[in-house]
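# Chain and residue survey
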Amino acid sequence: MMHRIRITSGEYKGRYIGRPFSGWGLITNPEARESPPMNIIGAPYALHATEHGATQFFSANTEGVRAELKALGYESEAVEEVAAPKQNYVKIPTECPHCNAKQEVHVEARTRFAQVGGPQPVVCVKCEKEFEITVPRLALPS
């Protein structure tokens, strides 16, 4: 069984525990753009506004993570997941042509009817200007 961990009290009540945020990269979820992840000082986690950014922990690891969070002053709860979702995207490293910010774009991986090689519009996380990337044929799974 897999679990997501959600904060249950205090200023960050309702936020989910996920991977730390490096400060760069493309945030495509509108809710996450309005309320970006916040790194937890003293732990290798970040507080994410939505389930989408949450890490799924195996049952055996959930209580250890919750104990670590409690020691840092965060009350939490384990939210059960029936099965781990399949990651259906590829990561493409790119650089904004406007501000030269390096970022990693996540592109949905499709095995059929994908427009491979065609330009894909993205928005820079730093300067918020739009530019296009090309998805290489080898990036998509078969």
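For the structure itself, look to the data block above.
Scope of this entry: the structure provided in the associated data block. Bear in mind the structure is a predicted one, so any value in this text is a computation, not a measurement. (Residues numbered from 1 in each chain as written. Predicted model: local features only at pLDDT ≥ 70, side-chain atom pairs only at ≥ 80, totals over all residues. Heavy atoms only, no water.)

## Here's the deal with unusual backbone geometry
Phi is mostly negative for residues that are not glycine, and the peptide bonds are mostly trans. Applicable threshold: Secondary structure elements are taken from DSSP: a helix is a run of H or I of four residues or more, a strand is a run of E of two residues or more, and numbering for both begins at the N terminus.
The phi torsion at Asn-100 lies on the positive side, around 65°, for a residue other than glycine. Summarising the element assignment, Asn-100 is placed in the loop between strand E7 (89–95) and strand E8 (102–108). Here the phi dihedral of Glu-128 falls at roughly 60°; this positive angle occurs in a residue that is not glycine. With respect to the helices and strands, Glu-128 occurs in the loop between strand E9 (119–123) and strand E10 (130–134).

## Some remarks on the pattern of salt bridges
To keep it simple, the criterion reads: Counted as salt bridges are all cases of a side-chain nitrogen of Lys or Arg within 4 Å of a carboxyl oxygen of Asp or Glu. The buried label applies to any residue whose accessible area, calculated with a 1.4 Å probe on protein chains only, is under 20% of its type's maximum; exposed applies above 50%, and partly exposed to all values in between.
Following the criterion strictly, the structure yields four salt bridges and no others. One salt bridge connects Arg-66 with Glu-63, and the closest N-O pair in it is separated by 3.3 Å. One end of the pair, Arg-66, and the other, Glu-63, are both in helix H2 (residues 59–71), three residues apart, so they sit about a helical turn from each other. Among the residues examined, Arg-66 registers a relative accessible area of 24% and is labelled partly exposed. The partner of Glu-75 in a salt bridge is Lys-70, with the nearest N and O atoms 3.4 Å apart.

Nothing here speaks to function; it is all geometry.
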